[in-house]
There are 2 protein chains.
Amino acid sequence: MRLLANSSSPFKSATARRREREAKRQAVLLAAVRMFNERGFHATSLDDVATSLGITKPTVYHYLGNKDQILLECVTFGLEQLLEAVEESRAASGTGLERLRVFLRRYAEINMGDFGRCVIRTGDEALSPESARSFRALKKRIDQAMRDLIAEGMEDGSITQGDPWIAAFTLAGALNWPARWYDPRGTRRPAEVAAEMVDFLTRGLAPRA
Amino acid sequence: MRLLANSSSPFKSATARRREREAKRQAVLLAAVRMFNERGFHATSLDDVATSLGITKPTVYHYLGNKDQILLECVTFGLEQLLEAVEESRAASGTGLERLRVFLRRYAEINMGDFGRCVIRTGDEALSPESARSFRALKKRIDQAMRDLIAEGMEDGSITQGDPWIAAFTLAGALNWPARWYDPRGTRRPAEVAAEMVDFLTRGLAPRA
């Protein structure tokens, strides 16, 4: 009898097992977030999520925990994407306005994706008090980062003077809204829509001379 | 024995009874909308609404019907305020941009009020399919009116050329968002915040020469 070479062992390596587990976890998370977005959190049961993947509800629990934990995981994933966008814009060169525009375009794009949509569509009241606290804390970091970028632009003169709080809420509102109206089955890509919205917010409604 | 004058009759006139009924109905509606906004629709029971007014749940039913009917009533009331704002802006004089600005300021202000907040915070999935259809139909009228005002401004040159759909979604998003962040207990009045937001959207982020 010939021994099998290590690479063709029928037993998976620890790394492969970890990778496989992570891939399964991501698949369950994606199925859950899409169902939350489509049907609403309350109207979604973990049974439906399980059925859509051809697995059982205990398997969903095994990978992600209960419904509250899954929702927290979904919004945390979305908020982490937004925090990465903050980091990218901080590393970018240019005026405050230029760096803010980099951030805003990514921000809008993320909100058109599965996890960003979930961040916007989730009200605090859907989460347990503890999860809601964690959700609010992450959102505060994003809001603060946006205000900081605006304040930097106001300081270097690339952004018109005004109240950074009101400016940040105005921009965030405009660019959160695609989570409600953007249709991924349409012809326009998220990056293109995001760029047009940011141009619009930069130049304003009134024509420039 | 002297006959009582008609005006001091202990029996209420039909008009007074109607008016009283309407005042009670409004009070129940306001208590309900505030609770929906504060706790979320799902977390609010009609028992809580009844208790907050010192009445019973059957009395709430008597005035407004079941929870779905009450929510539909709340959002319809908010959307009617927005439709009035459309009419006002249509009757206003000035360029397309000027009339749009009149509309946008009222639009933002309404969204900081009890019923406008409820319009924004209510997802279709919270309503029965029939109520959701009615909700969507009214929202479409508002969206259409905003796009019409924008298109008029683009035609008369008072608004920069662009896609009226994207412009309308951008404006609506910015001015819907106060339903989530505006705190009526703060020091700034809705009209003042609305005016600053609309100025910001009109002039844009980049300074004007």
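Residues numbered from 1 in each chain as written. Chains lettered and ligands numbered in written order. Predicted model: local features only at pLDDT ≥ 70, side-chain atom pairs only at ≥ 80, totals over all residues. Heavy atoms only, no water.

Participant: Before we move on, can you summarise the overall build of chain A with the specific residues and values?
Facilitator: A count of helices and strands for chain A gives 10 helices and zero strands. Scanning chain A from its N terminus toward the C terminus, one meets helices and strands in the order α-α-α-α-α-α-α-α-α-α. Against the globule reference of 17 Å for 209 residues, chain A gives a C-alpha radius of gyration of 21 Å, more extended than a compact globule. Summarising its shape, the C-alpha atoms of chain A cover approximately 85 × 45 × 35 Å along the three principal directions. A total of 209 residues make up chain A; the buried ones form 46% of that total. (Helix = DSSP H or I, 4+ residues; strand = E, 2+ residues; numbered from the N terminus. Rg over C-alpha atoms; globule rule 2.2 N^0.38 Å. Buried < 20%, exposed > 50% of the residue type's maximum accessible area, 1.4 Å probe, protein only.)

Participant: Can you break down the relation of the copies chain B and chain A residue by residue, with the values?
Facilitator: Both copies of the chain are related by one operation, a rotation about an axis with a shift along it. When chain B is fitted to chain A, the residual RMSD is 0.0 Å, and the transformation amounts to a turn of 180 degrees plus an axial shift of 0.0 Å. One copy is carried onto the other by what is essentially a two-fold rotation axis. Residue by residue, 100% of the interface of chain B is reproduced at the interface of chain A, so both copies engage with the same surface. (Least-squares fit on C-alpha atoms with pLDDT ≥ 70 in both. Contact = heavy atoms within 4.5 Å.)

Participant: So, the UniProt feature "domain: HTH tetR-type" (unreviewed entry) in chain A: which residues are in play, and what are the values?
Facilitator: Listed under "domain: HTH tetR-type" (unreviewed entry) in the UniProt record, and renumbered for this structure, are residues 22-82 of chain A. Secondary structure content for residues 22-82 of chain A is 82% helix and 0% strand, and the end C-alpha separation is 22 Å. (UniProt positions renumbered as here; feature names shortened; annotations may be inferred.)

Participant: Residues and numbers for the UniProt feature "DNA-binding region" (unreviewed entry) in chain A, please.
Facilitator: Within this structure's numbering, the places UniProt gives as "DNA-binding region" (unreviewed entry) are residues 45-64 of chain A. Overall, residues 45-64 of chain A shows 80% helix and 0% strand. The separation of its end C-alpha atoms is 14 Å.

Participant: Please give an account of the state of the cysteines that cites residues and values.
Facilitator: All names here are of chain A. All told, the structure shown has zero disulfides over all chains when counted by the stated rule. No disulfide involves Cys 74; its nearest neighbouring cysteine sulfur is the one of Cys 118, lying 4.8 Å away. Since its relative accessible area comes to 0%, Cys 74 is described here as buried. (Disulfide = S-S within 2.5 Å.)

Participant: An account of the domain arrangement of chain A is needed here, citing residue identities and associated values.
Facilitator: Residues and elements named next belong to chain A. Taken as a whole, chain A is organised into domain 1 (14-65) and domain 2 (67-204). Listed by partner, the interface residues are 16 residues for domain 1 and 13 residues for domain 2. Taken over both partners, the interface formed by domain 1 and domain 2 buries close to 1,500 Å², and the fraction arising from carbon and sulfur atoms is 67%. Three residues stand out in domain 1 for area buried against domain 2, namely Leu 29, Asn 37 and Phe 41, and they jointly supply 40% of the buried area on that side. Taken together, the connections running from domain 1 to domain 2 amount to two salt bridges. The partner of Asp 114 in a salt bridge is Arg 34, and the shortest N-O contact between them spans 3.1 Å. Inspection of the region where domain 1 meets domain 2 yields six residue pairs in polar contact (both at pLDDT 80 or more). Mapped onto the side of domain 1 that touches domain 2, the elements with two or more residues apiece are helix 1 (14-39) and helix 3 (57-64). Looking at the side of domain 1 that touches domain 2 element by element, the count peaks at nine residues for helix 1. (Domains from an automatic or database assignment. Buried area = accessible area lost by both parts, 1.4 Å probe. Salt bridge = Lys/Arg side-chain N within 4 Å of Asp/Glu carboxyl O. Polar contact = N/O pair within 3.5 Å; in protein donor to acceptor, adjacent residues only side chain to side chain.)

Participant: Tell me about the nonpolar core, and please be specific about residues and values.
Facilitator: Leu100(A), Phe103(A), Met146(A), Leu100(B), Phe103(B) and Met146(B) are the most contacted members of the largest nonpolar core, which totals 136 residues. Sequence-distant contacts of Met146(B), that is, excluding residues within four places in its chain, are made with Leu100(B), Phe103(B), Leu104(B), Tyr107(B), Ala168(B), Leu171(B) and Ala172(B). (Core = buried A, V, L, I, M, F, W, Y, C linked by side-chain atoms within 4.5 Å.)

Participant: If you had to explain the packing of helix 7 (residues 129-155) of chain B against helix 8 (residues 164-176) of chain B to someone new, which residues and values would you point to?
Facilitator: All names here are of chain B. Two elements in contact, helix 7 and helix 8, have axes separated by 9 Å at closest approach and are oriented at 120 degrees. The angle between the axes of helix 7 and helix 8 places the two elements in the oblique class. Judged by the twist between their axes, the crossing of helix 7 over helix 8 is right-handed. On helix 8, the residues that touch Met 146, Arg 147, Ile 150 and Met 154 of helix 7 are Pro 164, Trp 165, Ala 167, Ala 168, Leu 171 and Ala 172. A per-class count over the contact of helix 7 with helix 8 returns nine nonpolar, no polar and one charged. (Axes fitted to C-alpha atoms, helices over the stretch in contact; angles between N-to-C directions. Parallel < 35°, antiparallel > 145°, perpendicular 65-115°, else oblique. Left-handed = near helix turned anticlockwise from the far one by under 90°. Nonpolar A, V, L, I, M, F, W, Y, C, P; charged D, E, K, R; others polar.)

Participant: How would you sum up helix 10 (residues 190-203) of chain B? Please name residues and give values.
Facilitator: Look at helix 10 of chain B: 20 Å from first C-alpha to last across 14 residues, which is about the 20 Å you get at 1.5 Å a residue. All of the buried residues along helix 10 of chain B are Val193(B), Ala194(B), Met197(B), Val198(B), Phe200(B), Leu201(B) and Thr202(B). Contact partners of the buried residues in helix 10 of chain B: helix 8 (164-176) and helix 10 (190-203) of chain A together with helix 5 (96-111), helix 8 and helix 9 (178-181) of chain B. Looking one or two places after helix 10 of chain B, you find Gly204(B), whose phi comes out positive at around 80 degrees. (Expected span 1.5 Å × (residues − 1).)

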